[in-house]
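# Close look at the chain arrangement
The residues making up each chain are set out below.
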Amino acid sequence: EAQVTQNPRYLITVTGKKLTVTCSQNMNHEYMSWYRQDPGLGLRQIYYSMNVEVTDKGDVPEGYKVSRKEKRNFPLILESPSPNQTSLYFCASSSPRGGETQYFGPGTRLLVL
Amino acid sequence: AQSVAQPEDQVNVAEGNPLTVKCTYSVSGNPYLFWYVQYPNRGLQFLLKYITGDNLVKGSYGFEAEFNKSQTSFHLKKPSALVSDSALYFCAVRDWAASGGSYIPTFGRGTSLIVHP
């Protein structure tokens, strides 16, 4: 089954404790991206990747890091989480061969205390 | 630069009535336009898209959208709403002429559709 998986689905942590949210897709998609969803603000892009070893900042990259060492994986790293990073995070993948339709993961709900 | 606006935070409609969720966009070139739906506690799901061709695009679950270049709009419509259509709807745009930058679309803030029985 074609899908995007994220782990963990729920995470409670404390300020400053490094964490990683994993994202994996099995569709051989070139493009991957991370979004955060906040009430009243909709979906905002954090980072995106056009292919392996190619990443770039989105609209709200501060406090986040990403890497793309393999085509299928695109982890989101919070080196020193802060309470303003409490949010719902979505990973998505797409391909120009597929008309750029994005496939979204189920989301990761993060609470930073 | 690319941007998209969804002017309504919430749309209320009675079951069986037609519904419209509005979206306007801004791009420097030609747009790729998308609609996605998010049901409670779920990720976003693709509904339909416009890339080129017929201005009226048909998608999943009986939804359709009309691309209007002069009004830079891409409103989502359905002839007869169902209670099960109640969800959060997102419009997204990608500038076809984007170069040296993101090929990832920009999303609107979302419109909550509530269909009353």
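Below is a short write-up of the structure. The structure presented is a predicted model; accordingly, all values stated were derived computationally and were not measured. (Residues numbered from 1 in each chain as written. Chains lettered and ligands numbered in written order. Predicted model: local features only at pLDDT ≥ 70, side-chain atom pairs only at ≥ 80, totals over all residues. Heavy atoms only, no water.)

## Some thoughts on the packing of aromatic side chains
One pair of aromatic rings is described through two measures. These are the centre distance and the angle between the planes. Scanning the entire structure with this criterion turns up 12 aromatic pairs over all chains. On the numbers, 5.9 Å between centres and 85° between planes, the contact of F104 of chain A with F107 of chain B is edge-to-face. Note that F104 of chain A is positioned in strand β10 (residues 103-104) and F107 of chain B in strand β11 (residues 106-107), a pairing that runs across two chains. Of the two residues examined, F104 of chain A and F107 of chain B, each falls in the buried class. (Phe/Tyr/Trp six-rings, centres within 6.5 Å; stacked < 30°, edge-to-face > 60°. Helix = DSSP H or I, 4+ residues; strand = E, 2+ residues; numbered from the N terminus. Buried < 20%, exposed > 50% of the residue type's maximum accessible area, 1.4 Å probe, protein only.)

## Notes on the pairing of strand β2 (residues 10-14) of chain B
Residue and element names in this part refer to chain B. In β2, alternate side chains face the same way, and those of V11 and V13 are buried while those of Q10, N12 and A14 on the opposite face are not. Across 5 bridges, the pairing between β2 and strand β12 (residues 111-116) is parallel. Bridge pairing links V13 to V115 in β12. (Pairing = 2+ DSSP bridges.)

## Looking at the nonpolar core
One broad trend across soluble globular proteins is that nonpolar side chains are buried collectively. By size, the foremost hydrophobic cluster in this structure holds 28 residues, and its most contacted members are W35, L47, L48, F74, L76 and Y89 of chain B. Within the residue set of this core, elements represented by two or more residues are β2, β3 (19-21), β5 (31-38), β6 (44-50), β8 (64-68), β9 (73-78), β10 (87-95) and β12 of chain B. When residues of this core are assigned to their parent elements, the largest contribution, 4 residues, is made by β10 of chain B. Sequence-distant contacts of L76 of chain B, defined by excluding residues within four places in its chain, comprise L19, T20, V21, W35, L47, L48, F63, E64, A65 and Y89 of chain B. Counting 19 residues, the second-largest nonpolar core is a separate cluster that includes V21, M32, Y64 and C91 of chain A. (Core = buried A, V, L, I, M, F, W, Y, C linked by side-chain atoms within 4.5 Å. Contact = heavy atoms within 4.5 Å.)

## Structural notes on the state of the cysteines
Residues and elements named next belong to chain A. Per the stated rule, a full pass over the model turns up 2 disulfides over all chains. Across the disulfide from C23 sits C91; the S-S distance is 1.8 Å. Across the disulfide from C23 to C91, rotation about the S-S bond amounts to roughly -70°, and the bridge is consequently left-handed. Within this pair, whereas C23 is found in strand β3 (residues 19-25), its partner C91 is found in strand β9 (residues 87-94), the two being separated by 68 residues in sequence. A single burial state applies to C23 and to C91, both of which are buried. (Disulfide = S-S within 2.5 Å.)

## Considerations on the interface of chain B and chain A
Where interface size is given, it is often the accessible area lost as the parts come together that is meant. In this complex, chain B contributes 21 residues to the contact, which on the side of chain A involves 21 residues. Per-residue buried area on chain B facing chain A is highest for L44, I104 and F107 of chain B; these three make up 31% of the total on that side. In this structure, the connection of chain B to chain A is made through 3 residue pairs in polar contact (both at pLDDT 80 or more). At the level of elements, β5, β6 and β10 of chain B are the ones that each hand at least two residues to the side of chain B that touches chain A. For the side of chain B that touches chain A, the leading source of residues is β5 of chain B, giving 4 residues. A breakdown of the residues in the side of chain B that touches chain A according to their chemical character gives 12 nonpolar, 5 polar and 4 charged. (Buried area = accessible area lost by both parts, 1.4 Å probe. Polar contact = N/O pair within 3.5 Å; in protein donor to acceptor, adjacent residues only side chain to side chain. Nonpolar A, V, L, I, M, F, W, Y, C, P; charged D, E, K, R; others polar.)

## Some thoughts on the pattern of salt bridges
Residues and elements named next belong to chain B. Under the defined criterion, the tally for this structure stands at 5 salt bridges over all chains. The partner of K78 in a salt bridge is D85, with the nearest N and O atoms 2.8 Å apart. Overall, the relative accessible area of 3% leaves D85 in the buried class. (Salt bridge = Lys/Arg side-chain N within 4 Å of Asp/Glu carboxyl O.)

## As for unusual backbone geometry
A cis amide bond links N7 of chain A to the next residue, P8 of chain A, at an omega of -5°. Tracing the sequence through the fold places P8 of chain A in the loop between β1 (4-7) and β2 (10-13). Although it is not a glycine, N28 of chain A adopts a positive phi angle of roughly 60°. You can see N28 of chain A is positioned in the loop between β3 and β4 (31-38). We classify N28 of chain A as partly exposed; its relative accessible area is 47%. Backbone geometry at N41 of chain B places phi at a positive 60°, although glycine is not the residue there.

By themselves these figures say nothing about function.
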